[in-house]
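If you want the building blocks of each chain, they are given just below.
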Amino acid sequence: MSDQNPVFIPGPTNIPDQLRRAMNTQTIDHRAPDFVGVLKPVLEDLKKVFKTETGEMFIFPSSGTGGWEAAVTNTLSPGDKVLVARYGMFSHRWIDLCQRHGLDVEVIECNWGSGAPADRFESRLAEDTGHSIKAVLATHNETATGVRSDISAVRRAIDASNHPAMLYVDCVSSLASIDFRMDEWGVDIALSGSQKGFMLATGMAIVAVSEKAMEATKQARCPRCFFDFGEMLAATKKGGYPYTPPIQLIHGLRASLDMLFAEGLDHVFARHHRIAEGIRRAVAAWEMRLCAESPDLYSDTVSAIYVPEGFNSDELTNHAYNTYRVSFGIGLGEMAGKAFRIGHLGSMTDVMALSGVAAIEMAMKDLNYPIELGIGVAAAQRYYRETVKSV
Ligand SMILES: *Cc1c(COP(=O)(O)O)cnc(C)c1O
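Cut-off values and rules
Residues numbered from 1 in each chain as written. Predicted model: local features only at pLDDT ≥ 70, side-chain atom pairs only at ≥ 80, totals over all residues. Heavy atoms only, no water. Core = buried A, V, L, I, M, F, W, Y, C linked by side-chain atoms within 4.5 Å. Buried < 20%, exposed > 50% of the residue type's maximum accessible area, 1.4 Å probe, protein only. Helix = DSSP H or I, 4+ residues; strand = E, 2+ residues; numbered from the N terminus. Domains from an automatic or database assignment. Contact = heavy atoms within 4.5 Å. Disulfide = S-S within 2.5 Å.

Caption draft 1: Spatial organisation of the nonpolar core. Formed by 91 residues in total, the largest nonpolar core has its most connected members in Phe 180, Phe 198 and Leu 253. A total of 8 residues in this core trace back to one element, the largest contributor, which is helix 2 (residues 33-50). For this core, the domains that each give at least three residues are domain 1 (2-12 + 264-390) and domain 2 (18-261). Apart from the residues lying within four places of it in its own chain, the contact partners of Leu 253 are Val 42, Leu 46, Ile 59, Phe 198, Leu 200, Met 204 and Ile 206. Membership of the second largest hydrophobic core comes to 30 residues, among which are Leu 290, Leu 316, Met 348 and Ala 363.

Here it is as structure tokens:
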């Protein structure tokens, strides 16, 4: 029965029954017209989620990590310089991937808990008068620390320094949950995955590419095969794939887009904000601290929470799972042992969120945390009661 408990990890997220059913389809011939009829509108509708009119859409059978690899290998050459800030485990892993592809990666080290440093990007770009920096890489929502960065500020920094560098953004744990505006923010490549805001099984990297980035593929010399934009675009223009497409996932994506549009993207974002705010009220009631350094950085999809001095967050998440069969995110990298995470994105309601707060609170009490049982739940309840009509 406990398999009915929602997960509170920030991906893969809970899958609505409707989407599980949509993915449960018999094999169809991916070269038959039926598949063409599914794929093309899905690619078109994805543009509404990325908020792009001119971008090209790609769906690779992969996880989000493949989106990083696709972005880099299609548009850059070994030795090309990229500018990137490290402020959590996911920005760290993207840096590692770039280094392994032979890029010249200039890393701006930031506190874990801070966001993309637009001002430091700007001064570095202004110095680069020879324009050796080809791209700036940013993680919109750093899932390890629960930090949502201001991507429009990064765009303004690039423009203010009159620099032609492209802007690549990881929006794996924000897209379809937190507002993302590819065209307005001048993002050249935006990449996501299927198992977070889209509420599907893992298995697709979803990538949006600007005209400028498509143009850059012509000079890019990084070896690429599976993730080649050119081959994929030529195939999808004809309604097909260069290899076997993940048909069941694409059917799921059709249903996911329908669900998101039926709720309305703005309502989806407002729901995430409200749920997140209730959880933040609980954190405040526990007198604990979020990793995110300031309220403007608070993520509406995941909260990373420091445990009090002398406690180990891994023990807490293990205990919550072993005792109550509820999963929470562990502390990653620098946060290991120090912080746990509550994922509150995708298929999530206020009532589900309350069950997560209640479960982790029981686990805390079992481990003698200095909290009063029910105090976090009550704080979240109060907020949800006050705001129930606003969504
Ligand atoms: C989940 C996630 C990824 C991708 O991870 P995969 O396991 O490869 O899907 C990348 N970036 C961020 C910010 C993420 O949250």
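Caption draft 2: Local environment of unusual backbone geometry. Across the junction of Gly 11 and Pro 12, the peptide omega takes the value -5°, indicating a cis bond. For His 131, which is not glycine, the phi dihedral falls at a positive 55°. We note that Met 199 has phi near 65°; this positive angle belongs to a residue other than glycine. Looking at where Met 199 falls in the secondary structure, it is placed in the loop between strand 8 (189-193) and strand 9 (204-209). According to the relative accessible area criterion, Met 199 is buried, its value standing at 4%.

Caption draft 3: Examining the state of the cysteines more closely. Here the structure, examined in full by the defined rule, presents 0 disulfides. Cysteine Cys 98 is unpaired, with the sulfur of Cys 222 as its nearest cysteine sulfur at 9.0 Å. Residue classification places Cys 98 among the buried positions, given a relative accessible area of 0%. You can see Cys 291 has no disulfide; the closest cysteine sulfur is in Cys 110, sitting 15 Å from it. Taking relative accessible area as the criterion, Cys 291 reaches 3% and is therefore assigned buried.

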